[in-house]
Amino acid sequence: QGQGQGQGQGQGQGQSRGQSRPQSAPQVEKRADPSEKSGKQYTREEFIAHYGPQEGAKKWRDASKPSKPKAPEKPETRADPSDTTSKKRYTREEFIQFYGEKKGSTMWTKAGKGQPAKEEPKKAEGPEKRPDPSQPNSKATYTKKEFFDEYGPKKGANMWKKAGKALATVEEKKADKPKAKESGPEKRPDPSEPKSKATYTKKEFIDLYGEKKGTNIWKKAGKAIAATEEKKPKESGPEKRSDPNEPNSKATYTKKEFIDLYGEKKGTNIWKKAGKAIAATEEKKPKESGPEKRSDPNEPNSKATYTKKEFIDLYGEKKGANVWKKAGKAIATVEAKAEKAKPKESGPEKRSDPNEPNSKATYTKKEFIDLYGEKKGANVWKKAGKAIATVEAKAEKAKPKESGPEK
């Protein structure tokens, strides 16, 4: 029994110790795929099975990189407009703390308007593309090479030119449309800040300077704007003319566009013909007049001129009307003196074009040469002179003879 017990106990104990407990499977590392927003995690083998050995290993490594926590956003700061010598910047709270609630808010707004706007990156330009004129309902565009591939060199070149002309017409219509003005209170630059590009409303002027001084500076700013606009040169691009072969179209084209469409020689001739038509039209046009402007008698050294409304805005209803009258008398005096001193003006001689028998338009010798070239223009000018001499001679012959005393 003792042996049995010992053996039994030994066997029982040995069996119970020797039996291994069910071991849990080793945990396999998983990581989230950086290219997925779901946050789902995968093993290294799954990365490689999905992306391939090389790309999968790279994605696995990238997945191990912990994402950097975002730095907290710093409050916006702006330079103080009244402190031009310092480069230090302040938060909105610091402006209000220094100037007080009302003036601090105004100065903060003023400081923000002086800050330059961020420039958007320019898009890279590729080869020019144009819509196919044979596909009016399509928005697709094609390069010159694609036109050639589709239609062949000759027809492709013509279709490319036709597409360019269609684009020019569309752009012309766009330019003719008046742009919608942005509605908001008028803004003007502060005359006391000549180097600043910031502009302010009348309310902002009054908030900053007070009712009376703010209103005066607002008027002064308006006068400065009027003087600047007067001096601005008008922007000029390449000259454009209507195509004489399209009498019902309002589209206009540059000389280059005429040559692209018709070729060097024919395009140049049609360009000249278009110029002649413009000259004839301008001759018939009545001159446009805008609101009358006069110089301010209180500014004898200034060349700026203002409308009656601008005088009243600056000086008030009664005084503005009186200064306007005074300015009118000064103009009348100057014109009277100039008229007395004027020699009689004679402009360059003009003649009718013999090639346009039904037209009443007349042209200078320079205009004949511009249209026909140096040699031919001079000949047509002479021919026009002979025609005038012939008409005058016929008119002289047709005059009745004057009868004098009997002899």
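For the structure itself, consult the block above.
Overview of the structure. All of these numbers come straight from a predicted model, not from anything done at the bench.

**Details of the overall build of the protein**
Here is step 1 of the chain: Each helix and strand counted, the protein has 15 helices and 14 strands in total.
Here is step 2 of the chain: Evaluated residue by residue, the protein yields a buried proportion of 23% over its 407 residues.
Here is step 3 of the chain: Only carbon and sulfur atoms are counted for the fraction: they give 52% of the accessible area of the protein, which is about 33,300 Å².

**Digging into the packing of helix H4 (residues 92–99) against helix H5 (residues 101–113)**
Here is step 1 of the chain: H5 packs onto H4 with a crossing angle of 135° between their chain directions and a minimal axis gap of 7 Å. For the element pair H4 / H5, the angle class is oblique. Here H4 runs over H5; the crossing is right-handed. Residue-level contacts link Arg92, Phe95, Ile96 and Tyr99 of H4 to Glu101, Lys103, Gly104, Ser105, Met107, Trp108 and Ala111 of H5.

**Focus on the side chain of Lys59**
Here is step 1 of the chain: One can find Lys59 in helix H3 (residues 53–64).
Here is step 2 of the chain: Although Lys59 is buried, it forms no salt bridge, and the closest oppositely charged side chain is Glu55 at an N-O distance of 4.4 Å.
Here is step 3 of the chain: When neighbours within four sequence positions are excluded, Lys59 is seen to be in contact with Asp33, Pro34, Ser35, Phe47 and Tyr51.

**What to know about the nonpolar core**
Nonpolar side chains tend toward joint burial in soluble globular proteins.
Here is step 1 of the chain: Ranked by size, the top nonpolar core spans 8 residues in total: Ala226, Ala227, Ala304, Tyr306, Phe311, Val323, Trp324 and Ala327.
Here is step 2 of the chain: Every element with two or more residues in this core is listed here: helix H9 (211–231) and helix H13 (317–341).
Here is step 3 of the chain: Among the elements that line this core, the one with the most residues is H13, at 3 residues.
Here is step 4 of the chain: If we ignore the near neighbours within four places in the chain, the residues touching Trp324 are Glu292, Lys293, Arg294, Tyr306, Thr307, Lys308 and Phe311.

**Some points on H9**
The periodicity of an α-helix, 3.6 residues per turn, causes residues three or four positions apart to be oriented the same way.
Here is step 1 of the chain: Taking 1.5 Å per residue as the helical rise, H9 with its 21 residues ought to reach 30 Å, and the 31 Å between its terminal C-alpha atoms agrees with that figure.
Here is step 2 of the chain: Residues of H9 that are buried include every one of Gly214, Thr215, Ile217, Trp218, Ala221, Gly222, Lys223, Ala226 and Ala227, and no others.
Here is step 3 of the chain: Along its buried surface, H9 packs onto strand E7 (188–189), strand E8 (199–200), helix H8 (202–209), strand E12 (305–306) and helix H12 (308–315).

**A short note on the environment of Thr364**
Here is step 1 of the chain: As for its placement among the helices and strands, Thr364 is situated in the loop between strand E14 (362–363) and helix H14 (365–372).
Here is step 2 of the chain: Along the primary structure Thr364 and Arg351 are separated by 13 residues, whereas in three dimensions their C-alpha atoms are 6.5 Å apart.
Here is step 3 of the chain: Once you skip the residues sitting within four places of it in the chain, Thr364 turns out to touch Pro348, Glu349, Lys350 and Trp381.

**Re the side chain of Asp80**
Here is step 1 of the chain: Structurally, Asp80 is set in the loop between strand E3 (78–79) and strand E4 (89–90).
Here is step 2 of the chain: Comment: no salt bridge for buried Asp80; closest opposite-charge side chain is Lys110, at 8.0 Å.
Here is step 3 of the chain: Of note is the side chain of Asp80, whose polar atom sits 2.7 Å from the side chain of Tyr99.
Here is step 4 of the chain: Leave out the neighbours within four places in its chain, and Asp80 touches Lys88, Tyr90, Phe95, Tyr99 and Met107.

**Notes on the environment of Trp160**
Here is step 1 of the chain: Along the chain, the position of Trp160 falls in helix H7 (residues 153–176).
Here is step 2 of the chain: For Trp160, a relative accessible area of 8% puts it in the buried group.
Here is step 3 of the chain: Considered as a pair, Trp160 and Lys144 are 16 residues apart in the sequence and their alpha carbons are 6.4 Å apart.
Here is step 4 of the chain: Every residue in contact with Trp160, bar those within four places of it in the chain, is listed here: Glu128, Arg130, Tyr142, Thr143, Lys144 and Phe147.

**Digging into the packing of aromatic side chains**
Here is step 1 of the chain: The full count for this structure, using the stated rule, is 19 aromatic pairs.
Here is step 2 of the chain: Ring centres of Tyr90 and Phe95 lie 6.2 Å apart, and the angle between their planes is 85°; this geometry places the pair in the edge-to-face category.
Here is step 3 of the chain: The buried category is assigned to Phe95, whose relative accessible area is 2%.
Here is step 4 of the chain: Arranged with centres 5.7 Å apart and planes meeting at 70°, the rings of Phe205 and Trp218 form a pair that is edge-to-face. Placement of the pair is Phe205 in helix H8 and Trp218 in helix H9, with a sequence separation of 13 residues. The exposure classification of Phe205 matches that of Trp218, with both residues buried.
Here is step 5 of the chain: Taken together, Tyr90, Phe95, Phe98, Tyr99 and Trp108 form an aromatic cluster joined through their ring pairs.

Calculation criteria
Residues numbered from 1 in each chain as written. Predicted model: local features only at pLDDT ≥ 70, side-chain atom pairs only at ≥ 80, totals over all residues. Heavy atoms only, no water. Helix = DSSP H or I, 4+ residues; strand = E, 2+ residues; numbered from the N terminus. Buried < 20%, exposed > 50% of the residue type's maximum accessible area, 1.4 Å probe, protein only. Areas by Shrake-Rupley, 256 points an atom, 1.4 Å probe, with all protein chains shown as cover. Axes fitted to C-alpha atoms, helices over the stretch in contact; angles between N-to-C directions. Parallel < 35°, antiparallel > 145°, perpendicular 65-115°, else oblique. Left-handed = near helix turned anticlockwise from the far one by under 90°. Contact = heavy atoms within 4.5 Å. Lys, Arg positive; Asp, Glu negative; His and termini not counted. Salt bridge = Lys/Arg side-chain N within 4 Å of Asp/Glu carboxyl O. Core = buried A, V, L, I, M, F, W, Y, C linked by side-chain atoms within 4.5 Å. Expected span 1.5 Å × (residues − 1). Polar contact = N/O pair within 3.5 Å; in protein donor to acceptor, adjacent residues only side chain to side chain. Phe/Tyr/Trp six-rings, centres within 6.5 Å; stacked < 30°, edge-to-face > 60°.

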